Every structure is written in structure tokens, then in C-alpha cells.
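# Results of the structural survey
As a plain string of letters, each chain reads:
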Amino acid sequence: VFQDYKGNYWLGTKGAGIFRLTAAPHGGYSVRQFVGKASGLTGSSVYAVTEDDRHNLWIALYGGGIGRLVCQHGKERFVTTRNYFRHYPQGCDKVRCLYHVGGGQMLAGTMGGLVSFSAHERQPHFYLNTHNEQLSSLPNNDVMGILKDRQGSVWLATQGGGICRIEGKDFL
């Protein structure tokens, strides 16, 4: 569940896409479901929802990469790594988490490693960080969670590799 800057609630589901709940004028909520190709989704399981510093809505699709909500010709739909974004790393379609670390920099935790990109670019360049033999690499490619602490350090939780802290502030 995520609340955007307009006060809408977004509910990602496992298998039914994503729902937006907008407060109705006289109480209650109006509900809109985004699912399937008509909505631009290239997967039906939405594991995470967040906004960047320009209030663009981003989603993590398990099996469908990442997506951004756009309005084209008065119609809202999602553009994703499968139907719009080029140069997305292969093997990173199973996205578990998404985090805006500031300055338009986004991090996506996938089963294939940590993907970073700039949300400010229409066609972002994607950077992939994976586990290797270097001490400074990820402890495991399966990134389950991302969190920024009060001191500004970014922490990753990995499946089977424990947690790690990312050094530095520039992720691109």
C-alpha cells in the first residue's frame, strides 16, 4: 500500500495488477484497477509502489520489470521495461522492491541484482550491480528490500546473503 502526493492510495496485488483508491467527494473511495496490456502492464503482480521527487509513480512488477504511470492523450497507462524502456538488464524482470533515494535516483531490487537508474530521464540508462568475488559487491543477487537510514546510508536486504550497506551517494 502506498499513498501518493495527491492522497490516492495504491494497492499492489499478486496476480490482479494494481488498484488506485481516490477519495470520493461525499465519502468512500472510487476504485480503478490497472491490469493487463490495456493498462500497459507487462505483469500482474505488483510488489512495490513509490514516487520520485517529481511525483512520477513507479511500480515493481514481479516478472514484468519496472513501470511508470504516464498520461497519454488523456488516458493513464503504465510504460514498462518490456513495452517502452530500452536497455533494461536481462534477468532482472522479477522486481521485489523499488526505492527513490533522492535526486531522481531510483534503486530496484531484483532477483538478478540491484538496478539503478535516473527517474528524470525519459529513456533512462540502467546500471546493474551483482554479486562477484570482490569484497565490495552484493552479498547475493536476490535483493529483497531497500531502506535509507537517518544518516543517509542505503541498506539492502538480500536472500541468503544478509544485509549490506551501499557506500557513497551516487548510484548512477
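Every chain is numbered on its own, with residues counted from 1 as its sequence reads. The predicted origin of the model limits local features to residues at a pLDDT of at least 70 and limits the giving and counting of side-chain atom pairs to 80 or more, whereas totals for whole chains, interfaces and linings rest on all residues. Side-chain calculation: all heavy atoms of the structure are included, whereas hydrogens and water are not.

With that settled, consider the layout of surface pockets. In the cavity and pocket records, a cavity denotes points on a 1 Å grid over the protein atoms alone where a 1.4 Å probe fits but cannot get out, a pocket denotes an open set with protein on both sides within 12 Å along at least 5 of 7 lines, and lining residues are residues with an atom within 4 Å of a point. Grid points are joined across faces, edges and corners, and a volume is the space filled by probe spheres set on the points. A volume near 330 Å³ is recorded for the largest pocket. As for the largest pocket, its lining consists of 16 residues, and the residues nearest its centre are Asn129, Ser136, Leu138, Ile166 and Glu167. Helix and strand assignments follow DSSP, with helices taken as H or I runs no shorter than four residues and strands as E runs no shorter than two, numbered in order from the N terminus. Among the secondary structure elements, those contributing two or more residues to the lining of the largest pocket are strand S11 (113–118) and strand S15 (162–166). Per-element accounting of the lining of the largest pocket gives the leading share, 3 residues, to S15. Ten residues, namely Ala, Val, Leu, Ile, Met, Phe, Trp, Tyr, Cys and Pro, are considered nonpolar, four, namely Asp, Glu, Lys and Arg, are considered charged, and the remaining ones, Gly among them, are considered polar. Counted by class, the lining of the largest pocket contains 9 nonpolar, 4 polar and 3 charged residues. Here the second largest pocket is characterised by a volume of approximately 250 Å³. Around the second largest pocket sit 14 residues that line it, and Lys6, His55, Leu57, Leu69 and Glu76 are the ones nearest its centre. The element contributing the most residues to the lining of the second largest pocket is strand S7 (residues 65–72), with 3 residues. Grouping the amino acids of the lining of the second largest pocket by side-chain chemistry returns 6 nonpolar, 3 polar and 5 charged.

What counts as a ring pair is set by centres within 6.5 Å for rings of Phe, Tyr and Trp (its six-membered ring), and what kind of pair is set by the plane angle: stacked under 30 degrees, edge-to-face over 60, tilted for all other angles. Counted according to the given criterion, the structure contains 10 aromatic pairs. For the pair Tyr47 and Tyr62, a centre-to-centre distance of 4.7 Å together with 10° between the ring planes defines the contact as stacked. With a gap of 15 residues between them, Tyr47 in strand S5 (residues 46–51) and Tyr62 in the loop between strand S6 (57–61) and S7 connect regions that are remote in the sequence. Between buried and exposed lies partly exposed: a residue is buried under 20% and exposed over 50% of the maximum accessible area for its type, with that area taken using a 1.4 Å probe on protein chains only. The partly exposed category is assigned to Tyr62, whose relative accessible area is 24%. Geometrically, the ring pair formed by Trp58 and Phe117 is tilted, given 5.2 Å between the ring centres and 55° between the ring planes. Taken together, the residues span a long stretch of sequence, with Trp58 in strand S6 and Phe117 in strand S11 at a distance of 59 residues. In this pair, the class of Trp58 matches that of Phe117, namely buried. Aromatic rings pair up to connect Trp58, Tyr84, Phe85, Tyr88, Phe117 and Phe126 into one cluster.

Any functional reading would require information beyond the geometric quantities listed.
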